[in-house]
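This is what each chain is made of:
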Amino acid sequence: MSAYAIESKFVIGVSSSALFDLSESHQIYLDKGYNDYRRHQEAHIDQPFPTGVAFPFIRRFLGINKAFPEQCPVEVVMLSRNSSETGLRIFRSIQHYGLDITRAAFMAGHSPHKYVPAFNASLFLSANKNDVQQAINAGYPAGVVLPSVIYDDGQDAELRVAFDFDGVIADDEAEAVYKKNHSLTEFVAHETEKQAIPHQPGPLAGLFKNLAFMQRLEEAKRQEDPSYQKIIRIAIVTARNAPAHERVVTTLKSWGVSADESFFLGGMDKARILSVLKPHIFFDDQLSHLQASASNIPMVHIPFGIANKPTR
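Since we're looking at a predicted model, the values are computed, not measured.

Reading the values: rules and limits
- All residue numbers refer to position in the chain's written sequence, counted from 1.
- Local features in this predicted model are restricted to residues of pLDDT 70 or higher, and side-chain atom pairs are both shown and tallied only at a pLDDT of 80 or more, whereas totals for entire chains, interfaces and linings draw on every residue.
- To obtain the side-chain values, all non-hydrogen atoms of the structure were used and water was disregarded.
- If DSSP finds at least two bridges between two strands, the strands pair.
- Secondary structure is summarised from DSSP: a helix means a run of H or I of at least four residues, a strand means a run of E of at least two, and numbering begins at the N terminus for each.
- Whenever a helix is involved, its axis is fitted only over the stretch in contact; in every case the axis is a line through C-alpha atoms, and angles between N-to-C directions fall within 0 to 180 degrees.
- Here, residues are in contact when the closest pair of their heavy atoms is within 4.5 Å.
- A pocket, in this scheme, is an open set of points on a 1 Å grid over the protein atoms alone with protein on both sides within 12 Å along at least 5 of 7 lines, while a cavity is a set where a 1.4 Å probe fits but cannot get out; residues line either one if an atom lies within 4 Å of a point.
- Grid points are joined across faces, edges and corners, and a volume is the space filled by probe spheres set on the points.
- Gly is placed with the polar residues, together with every amino acid not listed as nonpolar (Ala, Val, Leu, Ile, Met, Phe, Trp, Tyr, Cys and Pro) or charged (Asp, Glu, Lys and Arg).
- For Phe, Tyr and Trp, where Trp contributes only its six-membered ring, two rings pair if their centres lie within 6.5 Å, and the inter-plane angle classes them as stacked under 30 degrees, edge-to-face over 60, or tilted in between.
- Charges are assigned to positions over rings by a cutoff of 6 Å between ring centre and Lys NZ or Arg CZ, combined with an angular limit of 35 degrees from the ring normal.

Q: Teacher, can you tell me more about the sheet that holds strand S7 (residues 232–238) here?
A: Two orientations exist for strands paired in a sheet by backbone hydrogen bonds: parallel and antiparallel. Taken in spatial order, the 10 strands of this open sheet run S3-S2-S1-S4-S5-S10-S9-S6-S7-S8, and their pairing is mixed. Either end of the sheet is taken by a strand with one partner, and the two such strands are strand S3 (103–106) and strand S8 (261–264). Across the sheet, the axes of successive neighbouring strands diverge by a mean angle of 25°, strand direction being ignored. By the bridge criterion, three bridges tie strand S9 (residues 281–284) to strand S10 (residues 299–301) in an arrangement that is parallel. Looking at S10, one finds that Asp 284 is bridged to His 301. Running at roughly 165° to strand S5 (residues 142–145), helix H7 (residues 129–137) makes contact with strand S4 (121–126) and S5 of the sheet.

In structure tokens form, the structure reads like this:
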């Protein structure tokens, strides 16, 4: 039993397809069906899955508990389409890598997205596009982990999380203005006029706020112990530039949060920044931005708002 109720935790829900590389198993399922897939998992139950795109992020996120062993403020919950039977290999892989994950929902082929609020999750990560879209449509925070080749430096304990702003942290109001006529001039005029009015929260506003709260815990710990090395580093990487940057600052200030680093790129390729920042996860609502960015950065697509509406 956990010492703290789930309501008191900063929770992230992750699917097995995001945490581990299940490409071999998935191909067996596609080619030969469920029974062969089940037999494959049973035959390889003690063979750990290779690590997946979200693994470096999740490993470091759980490391926050090591810095705060009395509170243990964070938790990761497995939200999986597997059955509990085929999920045995998943939990053995979790144990192999030393991840402190104990709670799970195994849905036997169904989407687990409905259980995001039940587990108090600030984020649901999955490689299954349909599951994530259903979660977003229901108003839950979720993102699609995109395939990429990830290098996880075991000596690097810092957790670097990067966010796009519009359609991710904030709503898509400004994006809608731009998309109406694809006019940058109209976008800048709109955001300048409303620079003192905060945006409404976007799908990952809660995640951003919770990370900022963890940073305040770290700052308090550093006041007590100047040798303490902070874990969390938050960055905003947005295509906005001045003067549209002011509404970003206004919005974050109204929520009582801030980023460690903010990049207002004015349409510059985000890969130029991300390749230096090297975040362990980057959230953006536009696939075109993610596909154009560095291929060795863990990318997560947030399929929210007007940027993801089908064009006619």
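Q: Just to check I follow, could you spell out the layout of surface pockets for this structure?
A: It is a probe the size of a water molecule, rolled over the atoms, that shows where empty space is left. Its boundaries defined by the atoms lining it, the largest pocket holds a volume of some 1000 Å³. Taken together, 40 residues line the largest pocket, and the ones lying closest to its centre are Ser 16, Ser 17, Leu 22, His 26 and Ala 127. Sorting the residues of the lining of the largest pocket by element identifies helix H1 (16–19), helix H2 (23–32), helix H3 (34–43), strand S2 (74–80), H7, S5 and helix H13 (287–292) as the ones contributing at least two each. Per element, the largest residue contribution to the lining of the largest pocket is four residues, and it comes from H2. For the lining of the largest pocket, a count of residues per class yields 18 nonpolar, 17 polar and five charged. Taken as a whole, the second largest pocket holds about 370 Å³ of empty space. In terms of lining, the second largest pocket is formed by 18 residues, of which the most central are Glu 175, Leu 184, Phe 187, Ala 239 and Arg 240. The set of elements that each furnish at least two residues to the lining of the second largest pocket consists of helix H8 (173–181) and helix H9 (184–193). Within the lining of the second largest pocket, the residues separate by chemical class into six nonpolar, six polar and six charged.

Q: Where do I start with the packing of aromatic side chains in this structure?
A: Geometrically, a pair of aromatic rings is defined through the distance of the ring centres and the angle of the planes. Inspection of every chain in the model, using the stated rule, returns eight aromatic pairs. Look at Phe 91 and Phe 106: their rings are 6.0 Å apart centre to centre, the planes differ by 70°, and that puts the pair in the edge-to-face class. Separated by 15 residues along the polypeptide, Phe 91 in helix H6 (residues 88–96) and Phe 106 in strand S3 bring together distant segments of the chain. Members of the aromatic cluster, connected to one another through ring pairs, are Phe 20, Phe 49, Phe 55 and Tyr 97. For the cation-ring pair, Lys 221 lies above Phe 68, with the distance from its terminal atom to the ring centre recorded as 5.4 Å.

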